[in-house]
Amino acid sequence: SQQGEEDPQALSIQEGENATMNCSYKTSINNLQWYRQNSGRGLVHLILIRSNEREKHSGRLRVTLDTSKKSSSLLITASRAADTASYFCATDFGGQAGTALIFGKGTTLSVSS
Amino acid sequence: GAGVSQSPSNKVTEKGKDVELRCDPISGHTALYWYRQSLGQGLEFLIYFQGNSAPDKSGLPSDRFSAERTGGSVSTLTIQRTQQEDSAVYLCASSFTGFSGNTIYFGEGSWLTVV
C-alpha cells in the first residue's frame with residue numbers, strides 16, 4: 001500500500017504539553033500534507049511540505065520531512081484543549097490527472113485541561 | 001459559495017434503495033474529489049474529476065457506485081442498491097487545480113446510514 005500511516009493511533013496529553021505525531025509512507029512523493037478533522041466532519045488543511053523541504057512552521061505547528069526514511073512528523077507545541085481532533089497525513093505522488101492524495105488512518109489527539 | 005457544500009448532511013436509507021449525494025465545490029475550482037470514511041477509519045479515495053478530463057474512477061469500490069460532474073461544477077455521487085457496508089461519511093473536496101501541491105478544501109460530509 002502507498003498509504004501514509006500515522007503513529008501513534010491515539011495520543012492523550014495535558015494542556016501545555018507538546019504533541020508529536022508521525023507519518024510513514026512507502027514510495028517517493030511530490031509533497032506531504034497534514035490535515036485536521038474535528039468530530040468526524042470535514043478535514044481542514046494544516047500544512048504542506050514539499051519533497052525538497054525538510055522543515056516547515058506554521059504558528060504552533062512544526063512539520064518535518066525525511067525523504068530518506070520516508071517519514072514525516074507533526075509537532076504541536078503548547079497544546080490546548082481545542083487541539084483535540086484527529087490528524088491525518090496525506091501523501092501526494094504527483095503525476096497526471098487522476099492522481100489522488102492518499103490519506104492515512106489518522107492519529108486521535110486528546111488534550112485535557 | 002464560500003466553501004464546499006454537501007447535501008444531504010445526513011441520510012438514512014433502507015438496504016437496497018438508491019441514494020444520491022450532492023457536492024457543490026468552491027466556485028472556480030476545477031478539481032473535485034470524493035472520499036469515503038468509515039467510522040474511525042481514514043479516508044478512502046473514490047473518484048476524482050479534473051476539468052474536462054475523463055474522471056479517475058479507480059477508487060470506486062463496485063459498479064453500484066457512480067459519479068457525475070455536470071458543467072464542471074456540481075457533482076452527484078450515486079450509490080445503487082445500497083448495502084449496510086456502504087454506511088459511512090462521504091466527503092467531497094475541491095481544489096483550484098488538480099494535485100500536486102494544491103490545498104484541497106473539504107465539505108462537511110454526508111453521513112449515510114443504511115438500515
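Next up on the list: the interface of chain B and chain A. Often, the extent of an interface is quoted as the loss of accessible area on bringing the components together. Each side of the interface is counted separately: chain B has 23 residues, and chain A has 24 residues. Counting each side, the surface lost to burial between chain B and chain A is near 1800 Å², with a carbon and sulfur contribution of 52%. At the junction of chain B with chain A, the criterion picks out zero salt bridges. Counting the contacts that link chain B with chain A gives one residue pair in polar contact (both at pLDDT 80 or more). Of all the elements in the fold, those that place two or more residues in the side of chain B that touches chain A are strand S4 (31-37), strand S5 (43-50) and strand S8 (88-95) of chain B. Looking at the side of chain B that touches chain A residue by residue, the classes come out as ten nonpolar, eleven polar and two charged.

Let's shift gears to the side chain of Gln 37 of chain B. With respect to the helices, strands and loops of the structure, Gln 37 of chain B is situated in strand S4. Classification of Gln 37 of chain B by relative accessible area gives buried; the value is 7%.

Quick look at the confidence of the model for chain A now. Of the residues in chain A, 90% reach a pLDDT of 70 or more, and the chain-wide mean stands at 89. No element of chain A has a lower mean pLDDT than strand S10 (residues 102-103) of chain A, at 84, and none a higher one than strand S7 (residues 61-66) of chain A, at 98.

Time to look at the state of the cysteines. Inspection of the entire model under this criterion finds two disulfides over all chains. Across the disulfide from Cys 23 of chain A sits Cys 89 of chain A; the S-S distance is 2.0 Å. Judged by the torsion about the S-S bond (65°), the Cys 23 of chain A/Cys 89 of chain A disulfide is right-handed. Here Cys 23 of chain A, found in strand S3 (residues 19-24), pairs with Cys 89 of chain A, found in strand S9 (residues 85-92); they are 66 residues apart in sequence, far enough to count as distant. The disulfide partner of Cys 23 of chain B is Cys 92 of chain B, and the S-S distance across this bridge is 1.9 Å.

Procedures and definitions
- Throughout, residues of each chain are indexed from 1 in the direction in which the sequence is written.
- All chains are assigned letters beginning with A, and all ligands numbers beginning with 1, in the order in which they are written.
- Local features in a predicted model are, by the rule used here, given only for residues with pLDDT of at least 70; side-chain atom pairs are given and counted only at 80 or more, and totals for whole chains, interfaces and linings are based on all residues.
- Excluded from the side-chain calculations are hydrogens and water; all other atoms, namely the structure's heavy atoms, are used.
- Two residues qualify as a contact provided that any one of their heavy atoms is within 4.5 Å of a heavy atom in the partner residue.
- Reported buried area values correspond to the accessible surface (1.4 Å probe) lost by two parts on association, with both partners' losses combined.
- Salt bridges are counted wherever a side-chain nitrogen of Lys or Arg sits within 4 Å of a carboxyl oxygen of Asp or Glu.
- Whenever two N or O atoms come within 3.5 Å, that pair is a polar contact, provided that in protein one can donate a hydrogen and the other can accept it, and provided that, for residues adjacent in sequence, both atoms are side-chain atoms.
- Secondary structure follows DSSP: runs of H or I at least 4 residues long count as helices, runs of E at least 2 residues long count as strands, and numbering of each begins at the N terminus.
- Three categories are distinguished: nonpolar for Ala, Val, Leu, Ile, Met, Phe, Trp, Tyr, Cys and Pro, charged for Asp, Glu, Lys and Arg, and polar for the others, with Gly belonging to the last.
- When accessible area is computed with a 1.4 Å probe and restricted to protein chains, residues below 20% of their type maximum are described as buried, those above 50% as exposed, and intermediate ones as partly exposed.
- pLDDT gives the predictor's per-residue confidence on a scale running from 0 to 100.
- Two cysteine sulfur atoms make up a disulfide if the distance between them is within 2.5 Å.

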